[in-house]
Structure formats: C-alpha cells, structure tokens
Amino acid sequence: MPTERAAAHARAGAYLEVDLSAVQENYRRLSGRLGRAECAAVVKADAYGLGVAKVAPALWAAGARRFFVALPDEAIAVRKVLPTAQVFVLGGLFGGAERDYLAHGICPVLNSLGEIAAWRALPPAERPPAAIQFDSGLSRLGLPADEAARLIDDPSLLEGIELGFLMSHLACAEEQEHPLNSRQRQAFSDFCRRFPRMRRSFANSSGIFLGSEYHFDIARPGVALYGGNPTPGCENPMASCVRLRSRILQVRDIARGESVGYGATFTATQPTRIATVATGYADGYSRYLSNIGRLWLADYCVPIVGRISMDLITLDVSGLPADISMPGALVDLIGERETIDDIAEKAGTIPYEVLTSLGGRFHRTYKEA
Ligand SMILES: *Cc1c(COP(=O)(O)O)cnc(C)c1O
C-alpha cells in the first residue's frame, strides 16, 4: 500500500494538503471567543471541500459534539465516522426520506409547520431530537412570520417533539454595520421569548465576530473553521488550512509578438519564458483568474498569463533562475501567501466557493497534529 501511495503521488499533477491541526486550532479559537456558548461545526458540502471523513473526526477530537450538514446523505456520511455525534440536516425533512432520519439517528431542522406535523406523525420512540428554524430575514428556509405566529398561538403543535434548540440564520453577518443584523437578532429574540428555556442557535462564522449579543447558546461556524476570513476587510483571525501545489510540466521561451493560450489573450512584448502547470479550471481553479491571478514559485511571485484552460495554467517565469522554473518544480497555488480570500477577491467570488470548488484530481494528504 505505501508503495501504491507513493506511485499515486509521483504521477499526480497537483497536491492538496489539508492541515487538520489548523482546523482544530480554528475550532479552539472560535470556542474561546464564544465563552460559554457551544461551538458546533458546519461540515456541509464535504466539509467545504476539505473531506468530511477526515475533518469531522478532527473536529470531534477538538471538542465539537454537534454537526450541521445540508442534506440527509451528508448526515449519513458524518454518522459513519462519528456514531455518537448529533448531526442536523439544515435543509429540513426532505419529504420521503423520514425513515432514513430514524434509521440513522439523524436530526432534522424543521423548516415549516408542514415539516413539524410530518415529524410528529412518526413513531415518537424512534425520533431523534429536532430543531426548528425561524426565518428572521433571509427569506430562504425556516418558518415565515405567519407560520411562526401560528406556532406561538398553538404550542401544542410541538407536543411530543424533543426539541434541541431554535435557530435562525443571518443574511449579512460579514458586514459588521449592516442594519439587517440587529433587525434579525431582534426578530429571533422575540420569537424565542415565546419558548422560554429553549436553547437558541444564531451565529455563523461572521456572526461570532459581531459581538456576544449574537452568540446565544450554540454557534454554527463553517468557513472560519477552514481558514476563510470571517471579518472581510480586517486581518484574518483564522489559521490557513489548505495548501495546493502543482507541478510544472514544461518550460519554453517565446519571442516578442508570440501569444499564449486559447484566444491568444496574452502577447509577449519582449522575449518571455513560459512555464505550463498541471492544474486548470476542471480542478476548481477559476478561469476568471486568467491574466490576473498569481502564484508562487519558491519565493518568487509569478503572474498567470493567457487563459486558464481545463487542465493547464501558463505562467510568465521570465527572469527567474532556470533551476527554479523547471519541469517537475512545484508552484504554490493556494497557501499562506496566496490565500483562499485573495483568490476569491480576484476571481469575483467568496472563499466558500474557492474551497467547495476544489476538484477531485488532486493527490490529497492530511496533516494531523
Ligand atoms: C452554511 C451555514 C452555516 C455556516 O456558515 P459560515 O458562514 O460558513 O460560517 C451556518 N448556518 C446555516 C444555516 C448555514 O446554511
């Protein structure tokens, strides 16, 4: 087996290293900031692309006991590696899948009166705890105001349900000054006041940094665990968790006037040395970074020139020592010097999308404490 792994390493075009100890460090930083409130962990979308089978147990070892995913299948995957964790499905009950919730001990976030009724219709002895989501202003999932009012008028609609907590989700948490933040917090508080003694969950990653009045009882960070900056515009308080490196396949010299790549979008204005790297947009490296992205080769910052294609990126390595820019050398595409936030900004997206786009062709390794 080790030799097969070594062979797979030798023939890979790119290497993705996930630092599990950095994920754990981020969990501890967020927990510390939360004080008495519980820090749960959002591991939807394969733990934001990092690999839930490795990431969820690492978070468990760091102290997380409650996990959130988007889909029932994702919850089953978490169950496989964490048999005693509480796993909540944010997307609701997925009508027709109720039996799977019971069979696997998966907890639903109930998002409507209809889902609450459907959950109550199942055998009480087999039902794991549920949560109820209230829509405080995102207009996406959860009880809208009229359904919330009906529930407040008739709490017997919840009879027999073991309720873990009430929850809601912020729309603009990464904008500290956005007026919707406090409006949502107020609406959620007003709703929860009608259910005294019930635990409350509100903050995502950025919500944790809005202040302790946003913490309530259980926070649900995702992206900050994986190194995304929860406070855009300020220094990132989280540790970087992923490093992506790729190998140079070929190096060539082109003359002034020659172009590079599809569409000939880059033309050399002087003799130029081009290195071609074995990663492309099929690996989740956004094509928007064509002619604007940059990466690192040893200690040199190197610009991407020409279009990024499906499997390849072309770099201008003119002026670098030849023994550095040579076939087989590794370039750093994502890491501490070019972060997921840097890349997201250049590509016109968010670090969430950079992470969840990471492809399946990398040779993956996990660094543990
Ligand atoms: C994805 C998600 C989170 C985690 O959000 P981050 O911004 O990644 O911390 C929390 N709550 C809900 C409802 C979500 O959908």
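Residues numbered from 1 in each chain as written. Predicted model: local features only at pLDDT ≥ 70, side-chain atom pairs only at ≥ 80, totals over all residues. Heavy atoms only, no water.

Chemist: I keep staring at the overall build of the protein and nothing clicks. Help me out?
Modeler: The number of helices and strands found in the protein is 12 helices and 19 strands. Overall, the C-alpha framework of the protein stretches about 80 × 50 × 35 Å when taken along its three principal axes. Taken over 369 residues, the protein has a buried fraction of 51%. Here the analysis covers contacts within the protein between residues at least 6 apart in sequence; of these, 63% occur between residues at least 24 apart. Element-wise, carbon and sulfur atoms account for 51% of the exposed surface of the protein, whose accessible area totals about 16,700 Å². Charged side chains of the protein number 39 positive and 41 negative; the gap between the two group centres comes to 2 Å. (Helix = DSSP H or I, 4+ residues; strand = E, 2+ residues; numbered from the N terminus. Buried < 20%, exposed > 50% of the residue type's maximum accessible area, 1.4 Å probe, protein only. Contact = heavy atoms within 4.5 Å. Areas by Shrake-Rupley, 256 points an atom, 1.4 Å probe, with all protein chains shown as cover. Lys, Arg positive; Asp, Glu negative; His and termini not counted. Charge placed at Lys NZ, Arg CZ, Asp CG, Glu CD.)

Chemist: Quick question: what am I supposed to make of the packing of aromatic side chains here?
Modeler: Aromatic rings considered in pairs are described by the distance between their centres and by the relative angle of their planes. With the rule as written, the count across this model stands at 12 aromatic pairs. Between the aromatic rings of Tyr48 and Tyr352, the centroid separation amounts to 6.1 Å while the plane-to-plane angle is 35°, which identifies the pairing as tilted. Of the two residues, Tyr48 is situated in helix H3 (residues 44-48) and Tyr352 in helix H12 (residues 351-357); the sequence distance between them amounts to 304 residues. Overall, Tyr352 belongs to the partly exposed group, its relative accessible area being 30%. Ring centres 5.2 Å apart and planes at 75° place the aromatic pair Phe188 and Phe216 in the edge-to-face group. (Phe/Tyr/Trp six-rings, centres within 6.5 Å; stacked < 30°, edge-to-face > 60°.)

Chemist: Where do I start with the site of the ligand in this structure?
Modeler: Around the ligand, 14 residues are found, and the nearest of them are Lys44, Tyr48, Ser205, Gly222 and Tyr352. Within the backbone of Gly222, a nitrogen or oxygen atom sits 2.8 Å from an oxygen atom of the ligand. Each residue belonging to the shell around the ligand can be placed in one class, and the counts come to 7 nonpolar, 4 polar and 3 charged. (Near = heavy atom within 4 Å. Polar contact = N/O pair within 3.5 Å; in protein donor to acceptor, adjacent residues only side chain to side chain. Nonpolar A, V, L, I, M, F, W, Y, C, P; charged D, E, K, R; others polar.)

Chemist: Looking at this structure, I do not really get the pairing of strand E6 (residues 107-110). What am I missing?
Modeler: For a regular strand, the rule is simple: side chains alternate between the two faces of the sheet. By the alternation rule, side chains of E6 split into Cys107 and Val109 and Pro108 and Leu110, which are all buried. Regarding topology, helix H6 (residues 98-104) serves as the crossover connection from strand E5 (residues 86-89) to the parallel E6, and that connection is right-handed. By the bridge criterion, 2 bridges tie E6 to strand E7 (residues 130-133) in an arrangement that is parallel. In the strand pairing of E7, Leu110 is matched with Ile132. Handedness of the crossover is the feature at issue here: the chain leaves E6, passes through helix H7 (residues 113-120), returns alongside E7, and the resulting connection is right-handed. (Right-handed = clockwise from strand over helix to strand, strands pointing away. Pairing = 2+ DSSP bridges.)

Chemist: It is not clear to me how the domain arrangement of the protein should be interpreted in this structure. Could you clarify?
Modeler: Where interface size is quoted, it is often the accessible area lost as the parts come together. Domains assigned within the protein are domain 1 (33-226) and domain 2 (242-367). Between the C-alpha centres of domain 1 and domain 2 the distance comes to 39 Å. Overall, the association of domain 1 and domain 2 removes approximately 790 Å² of surface from exposure, summing both partners, and the carbon and sulfur fraction of that is 66%. If you sort the residues of domain 1 by the area they bury against domain 2, Tyr48, Leu50 and Val223 come out on top, with a joint share of 52%. The interface formed by domain 1 and domain 2 includes 3 residue pairs in polar contact (both at pLDDT 80 or more). Grouping the amino acids of the side of domain 1 that touches domain 2 by side-chain chemistry returns 5 nonpolar, 3 polar and 1 charged. (Domains from an automatic or database assignment. Buried area = accessible area lost by both parts, 1.4 Å probe.)

Chemist: What is the right way to read the pattern of salt bridges from this model?
Modeler: A full pass over the atoms with the stated rule returns 16 salt bridges. Across the pair Arg28 and Glu25 runs a salt bridge, and its minimum N-O distance is 3.9 Å. Taken together, the positions of Arg28 and Glu25, both in helix H2 (residues 20-34) and 3 residues apart, correspond to about one turn of that helix. Put simply, Glu25 and Arg29 hold a salt bridge, and the shortest N to O gap is 2.8 Å. In this pair, Glu25 and Arg29 both sit in helix H2, 4 residues apart, roughly one turn of the helix. (Salt bridge = Lys/Arg side-chain N within 4 Å of Asp/Glu carboxyl O.)

Chemist: Where do I start with helix H8 (residues 145-153) in this structure?
Modeler: Given 3.6 residues per turn, any residue in an α-helix points the same way as the ones three and four places further on. Of all the residues in H8, the buried ones are Glu147, Ala148 and Leu151. Buried residues along H8 cover an arc of 100° about the axis, so they all sit on one side. The exposed residues of H8 that point more than 90 degrees off its buried face are Ala145, Arg150 and Asp153. The inward-facing, buried residues of H8 contact H7, E7 and helix H9 (179-193). (Arc of directions from axis to C-beta.)

Chemist: How do you make sense of unusual backbone geometry when you look at a structure like this?
Modeler: Trans peptide bonds make up the majority, and among non-glycine residues the majority have a negative phi. Not every positive phi belongs to a glycine, and Asn291 is a case in point at roughly 65°. Of note, Asn291 is situated in the loop between strand E14 (272-277) and strand E15 (294-297). Although it is not a glycine, Ala298 sits at a positive phi angle of roughly 50°. Here Ala298 lies in the loop between E15 and strand E16 (300-303). The exposure class assigned to Ala298 is partly exposed, which follows from its relative accessible area of 39%.

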